[in-house]
2 protein chains.
Amino acid sequence: MSEDDLIAALLEGARAAGATLTGGAVRLGPGDDAALLAPPAGHELAWTVDDHIEGIHFRRAWGLEAIGRKAAGAALSDLAAMGATPLGALLALHLPAELLSDSAGVARLARGFGRTLAEAGCPLAGGNVARHPHGLSLSTSALGAVPEGRALRRDAARPGDLLLVGGRLGQARLELAWLESGRAGPTDLTDALLAPTPRFDLVPALRALSRAACLDLSDGLARDLPRLLRASGVAAVVDSGALPLPDEALAARLGVDPREAAWLGGEDYALLVAAPSPVEGFVEIGRVVAGSPGQVTLEGPLAGRSLGPGFDHVAS
Amino acid sequence: MSEDDLIAALLEGARAAGATLTGGAVRLGPGDDAALLAPPAGHELAWTVDDHIEGIHFRRAWGLEAIGRKAAGAALSDLAAMGATPLGALLALHLPAELLSDSAGVARLARGFGRTLAEAGCPLAGGNVARHPHGLSLSTSALGAVPEGRALRRDAARPGDLLLVGGRLGQARLELAWLESGRAGPTDLTDALLAPTPRFDLVPALRALSRAACLDLSDGLARDLPRLLRASGVAAVVDSGALPLPDEALAARLGVDPREAAWLGGEDYALLVAAPSPVEGFVEIGRVVAGSPGQVTLEGPLAGRSLGPGFDHVAS
């Protein structure tokens, strides 16, 4: 396929899944040296990039549509974690030789990517396609808008804040173990892993707060909570009995403690928030305290257990 | 190295080369879920992504600092081609195992990347670092600002326009051949290839025009000119005797016709413009005419010669 044909297959796949190429802030979509956007007045821009690399973040056997969905969901989740709503996305796609000549495969990848964008109301404003000598990877850059001064930075936690989680924990970790065990196909019970939903639904409740720190749980609570605490110069006490749990039947089939999975598991893209008061849609898992920056005291059922580090993707 | 140490080495390398992490529009740089920018009033945003992949766009032997410079220059060039000035860049870096533990190497890469950003006054607002099972790659997303309605789109050429080139042509192609011949080290005579300069210096003269179409010559005039013409629905007549030429001594040493190199060569990141009148800093190479969209009539010394397609990167 020529580069033009490849790009046409990609854009057609994304459009077939409901994604637009312009609209909202995007005035000029794919096809020029750069996309053009009209930034909304009274807003700041949140800007992020996220990578999905074959053999590290996914396996080809999971299916190209699922891979596209996962890559888009992970990138957009960073916008939700800043309290931003999406303006557009760019996809930098590295394609190995066998995919360069596979327009149906490229279209499936684009359908998955486009479907997640469409669900978030986010245009595919452009991107880049390049040959790669080895594997498939997707690097997704996303832009969002957040009302001036209302971004949910991770350095905003203060002693006395409640620690809140919006979304399930440990589910993607269980689904990954289930897939890797060879007992499931990629379409069984693997929506949390393969079709993560950026939690834009939770953003309005967070924007209504006078102050909140937030990040999305991509690497797991065990790794990500200390990041929020260090950025804010605070410590925390967590009640492990209060963690939102993954599917207990799946945990039992795998012989895994669902609570440990909730503490260690990554790629759930739930939101972790520190805020002065409860927030609808979130469960309280602990409190921010003064103390050594980043230190976590784990109480309840997991207290005193020796637990490994958090999530480290498929190739760890 | 831990991920935190890697990121620290990267940011320190970029800062050592003079790059900033915030400033201008960038209010929050690396370290949160996303960077935060305050878009300038009265402007549109130009937003692009560009990839540099080992074995396709560069070889590791060229040196990590040069690779960083080349990747940043190519991405920023897309902003210049839209008539935009840079607001910030994000670097998505895929590192193979041996670089994950090489903080000095990562710092050299970051120094090159940061030096080109610093020269353009462009903060390194953030990015992402990920392991890659095979090679090194850099995916650079860049944001720029262009006064409302003044973007230099490639669909703006009209019959009667002059075709103008700002910058040298064919030089990167010669330097690549020189490097690949094994007769030169990566620091001899290879600045066009390894340290491309985004032509922000030419932007003010282009913004002063009432109308101009523009793109940057990344794949060579032979490939890129038809893209501009097709986007505008026009044809062109080019005087091959008027092309700005590369280093003729180097061409002679390689036994290459410098004029053919100027027509076919890519990665020079010169600007190609169609405009109603001459522009300072540009040379006139032909005219836009009515005709089959994308068609080019080559006059002068190259007329009637059978010439291969344009530039196709190192692995072609």
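One can find the structure itself at the top, above this paragraph.
Conventions and cut-offs
Residues numbered from 1 in each chain as written. Chains lettered and ligands numbered in written order. Predicted model: local features only at pLDDT ≥ 70, side-chain atom pairs only at ≥ 80, totals over all residues. Helix = DSSP H or I, 4+ residues; strand = E, 2+ residues; numbered from the N terminus. Rg over C-alpha atoms; globule rule 2.2 N^0.38 Å. Buried ≥ 20, exposed ≤ 12 C-beta atoms within 10 Å, placed from the backbone. Contact = placed C-beta atoms within 7 Å. Axes fitted to C-alpha atoms, helices over the stretch in contact; angles between N-to-C directions. Left-handed = near helix turned anticlockwise from the far one by under 90°. Nonpolar A, V, L, I, M, F, W, Y, C, P; charged D, E, K, R; others polar. Pairing = 2+ DSSP bridges. Expected span 1.5 Å × (residues − 1). Least-squares fit on C-alpha atoms with pLDDT ≥ 70 in both.

(A) Representation of the overall build of chain A within the structure. For chain A, the count of helices and strands is ten helices and twelve strands. Taken against the 2.2 N^0.38 rule, which gives 20 Å for 316 residues, the C-alpha radius of gyration of chain A at 20 Å falls within 12% of a compact globule. Each principal axis of the C-alpha distribution contributes one length, and for chain A these read about 60 × 50 × 30 Å. Burial analysis of chain A (316 residues in total) assigns 59% to the buried set. Once local pairs closer than 6 in sequence are excluded, the contacts in chain A between residues at least 24 apart make up 86%.

(B) Examining the packing of helix H2 (residues 64-81) of chain A against helix H4 (residues 103-119) of chain A more closely. Residues and elements named next belong to chain A. At a minimum axis separation of 7 Å, H2 and H4 run at an interaxial angle of 35 degrees. At the point where H2 passes H4, the crossing takes the right-handed sense. Here Leu64, Glu65, Ala66, Ile67, Gly68, Arg69, Ala71, Ala72, Gly73 and Leu76 of H2 lie close against H4, whose contacting residues are Gly105, Arg108, Leu109, Ala110, Arg111, Gly112, Phe113, Arg115, Thr116 and Leu117. Residues belonging to the contact of H2 with H4 are distributed by class as follows: ten nonpolar, five polar and five charged.

(C) Spotlight on the interface of chain A and chain B. On the side of chain B, 47 residues touch chain A, which itself brings 47 residues to the contact. When residues of the side of chain A that touches chain B are traced back to their parent elements, those giving at least two are strand S1 (26-28), strand S2 (35-37), strand S3 (43-53), H2, strand S4 (85-95), strand S5 (124-131), strand S6 (137-147) and strand S8 (213-216) of chain A. Of the residues forming the side of chain A that touches chain B, the biggest block, nine residues, is contributed by S3(A). Looking at the side of chain A that touches chain B residue by residue, the class counts come to 24 nonpolar, twelve polar and eleven charged. Pairing analysis gives three bridges linking S3(A) to strand S2 (residues 35-37) of chain B, with the strands arranged antiparallel. Looking at S2(B), one finds that A:Leu45 is bridged to B:Leu37.

(D) Focus on the sheet that holds strand S11 (residues 283-289) of chain A. All names here are of chain A. One open sheet accounts for six strands, arranged S8-S10-S7-S11-S9-S12; its pairing is mixed. Each end of this open sheet is capped by a strand with a single partner; those strands are S8 and strand S12 (296-299). Strand after strand, the sheet turns through a mean of 25 degrees between neighbouring axes, direction not considered.

(E) How the structure looks around H2(A). Residue and element names in this part refer to chain A. End to end, H2 covers 26 Å across 18 residues, agreeing with the expected 26 Å (1.5 Å per residue, within 8%). Most of H2 sits out of view: 18 of its 18 residues are buried. Positioned one or two residues after H2, Gly83 has a phi angle of 80 degrees, which is positive.

(F) How the structure looks around the environment of B:Ile7. Residue and element names in this part refer to chain B. Here Ile7 shows up in helix H1 (residues 3-16). With 20 C-beta atoms counted inside 10 Å, the residue Ile7 sits in the buried group. Sequence separation between Ile7 and Pro123 is 116 residues, and the spatial gap between their C-alpha atoms is 16 Å.

(G) Molecular detail of the relation of the copies chain A and chain B. Rotating chain A by 180 degrees and moving it 0.0 Å along the rotation axis overlays it on chain B with an RMSD of 0.0 Å. Such values leave the two copies arranged in the relation of a two-fold axis.

(H) Expanded view of the pairing of strand S9 (residues 235-239) of chain A. All names here are of chain A. Here S9 pairs with S11 via four bridges, running antiparallel. Across the sheet, Ala236 pairs through a bridge with Val288, a residue of S11. The sheet contact formed by S9 and S12 spans four bridges and is parallel. Bridge pairing in S12 places Ala236 opposite Val296.

(I) Here's a closer look at the environment of B:Gly114. Along the chain, B:Gly114 turns up in helix H4 (residues 103-119). Those residues within four positions of B:Gly114 in sequence are excluded, and the remaining contacts are B:Gly13, B:Ala14, B:Arg15, B:Ala17, B:Gly18, B:Ala19 and B:Leu124.

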